[in-house]
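Examining the three-dimensional arrangement
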Amino acid sequence: MLPTWGDKWNLKWGVGPEIFTPENAEEYGRWLGERYADKPIIWILGGDRPVDSDQHRMIIHAMAQGIKQGDGGRHLMTFHPSGRRNSADDFHDAEWLDFNMIQSGHSRPAPPNFEVAIHNLSLKPLKPTLDGEPCYEDHPVKNDKWERRNEPGILLDWYDEWHVRIAAYGSMLAGACGHTYGDHNVWQMWLPHRPAKSVARTPWHLALDHPGSQQMKYFRNVFEARPFWKLHADQSLIAGENPPSEFQIRSAVADQSAFALVYLPVGGEVAIQVAGLSWKGYMAWWFNPRQNSSQLIGEWKRSPTRTFKAPTSGRNNDWLLVLDSVNEDLPRLGYSHQHLMPVVQQ
């Protein structure tokens, strides 16, 4: 629950008016805290605006303190920053901030969200981190075309389910505590006869069935099928070239090396340094994040390096390589299991 939208304390854009001071923000926060003290909510301060002055910072601190006084500190609390910003930049040391939130946003070029997640998890004190507003499905890409969108002949690029999956898997494999999905048409409940709050093109009731919404169920199932909280980012698992970019292959290994996940945004090949894992043997699977299906590649004893080639490659052909220790009884992912090749021991 948001106590207020951001234009009520920083009218950088929006309709306003600015009404909050540190004094009335604390009083308002206390009233909210008391009113919702017994409700199962998480407080999200900020409301998609930057902190541009000491006065802004004081207002947010005061509202947080008021809520804590009102609810006795029973609820988690975070801060929703504006686009391509990070709550840790302004409030990481604040006692009321229980976990960090980033907004990787809807613009290009923008740093991949996994970079920010890794940065946040290096800070002290250690706090969980979450991308609270990644690129929304069917959202126009904010770039030069976006700025000139009213000119005749200008065509917009749009984020699709592939971008949604890249943001989700990249963030989680960097150690994020969870992820957020959004559809640009749904949040504004857009219909053709209704003026759009922001550029929209799909009636909201049809957008509910966009591919990304279904694929986020598959994404959630992947991480709930294993103790995902044990994962930590580990790029040393990948051998060979893997230059930084939004299409960089990302890998994470669970504590005690029970399993590892490697995400290939454009498919292709990846060489894995298996020798660094404390496994006597392991099984490898390809999980298809578009179709919720998995394919068994094979089972091997530990070897220095092994190269895996995804079934397909290119745009919208991302794959998740799943490596499971043979000593663990871990469930298979997806609804179908198919052998890609005979089981090999060497």
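Here's a quick rundown of the structure.

On a plain count of helices and strands, the protein comes out with 9 helices and 15 strands. Taking 346 residues into account, the globule formula puts the C-alpha radius of gyration at 20 Å, and the protein, at 22 Å, falls close to it. Burial analysis of the protein (346 residues in total) assigns 53% to the buried set. By sequence separation, contacts in the protein at least 24 residues apart represent 67% of the contacts at least 6 residues apart. Looking at the protein as shown, the accessible area adds up to about 16,400 Å², and 52% of this sits on carbon and sulfur atoms. Distance from the positive charge centre (35 side chains) to the negative charge centre (40 side chains) of the protein: 4 Å.

Viewed as axis vectors pointing N to C, helix α6 (residues 161–172) and helix α9 (residues 211–224) meet at an angle of 20°, and their least axial separation amounts to 9 Å. The pairing of α6 with α9 is recorded here as roughly parallel in orientation. The two elements α6 and α9 meet at a crossing, and its hand is right-handed. For the pair formed by α6 and α9, the contact residues are Glu161, Val164, Arg165, Ala168, Tyr169 and Met172 on the first element and Pro211, Gly212, Gln215, Met216, Phe219, Val222 and Phe223 on the second. Residue composition of the contact of α6 with α9, by class: 9 nonpolar, 2 polar and 2 charged.

The subject of this paragraph is helix α2 (residues 54–71). For α2, which comprises 18 residues, the first-to-last C-alpha distance of 26 Å matches the rise-based estimate of 26 Å (1.5 Å per residue) to within 8%. Where α2 is concerned, the buried positions are His56, Ile59, Ile60, Ala62, Met63, Ala64, Gly66, Ile67, Lys68, Gly70 and Asp71. At its buried positions, α2 is contacted by α1 (22–35), β1 (43–45), β2 (77–79) and α3 (88–91). Looking one or two residues past α2, glycine 72 carries a phi angle of roughly 70°, positive in sign.

Reading the values: the criteria
Residues numbered from 1 in each chain as written. Predicted model: local features only at pLDDT ≥ 70, side-chain atom pairs only at ≥ 80, totals over all residues. Heavy atoms only, no water. Helix = DSSP H or I, 4+ residues; strand = E, 2+ residues; numbered from the N terminus. Rg over C-alpha atoms; globule rule 2.2 N^0.38 Å. Buried < 20%, exposed > 50% of the residue type's maximum accessible area, 1.4 Å probe, protein only. Contact = heavy atoms within 4.5 Å. Areas by Shrake-Rupley, 256 points an atom, 1.4 Å probe, with all protein chains shown as cover. Lys, Arg positive; Asp, Glu negative; His and termini not counted. Charge placed at Lys NZ, Arg CZ, Asp CG, Glu CD. Axes fitted to C-alpha atoms, helices over the stretch in contact; angles between N-to-C directions. Parallel < 35°, antiparallel > 145°, perpendicular 65-115°, else oblique. Left-handed = near helix turned anticlockwise from the far one by under 90°. Nonpolar A, V, L, I, M, F, W, Y, C, P; charged D, E, K, R; others polar. Expected span 1.5 Å × (residues − 1).

Spatial relationships are all this shows, so hold off on functional conclusions.
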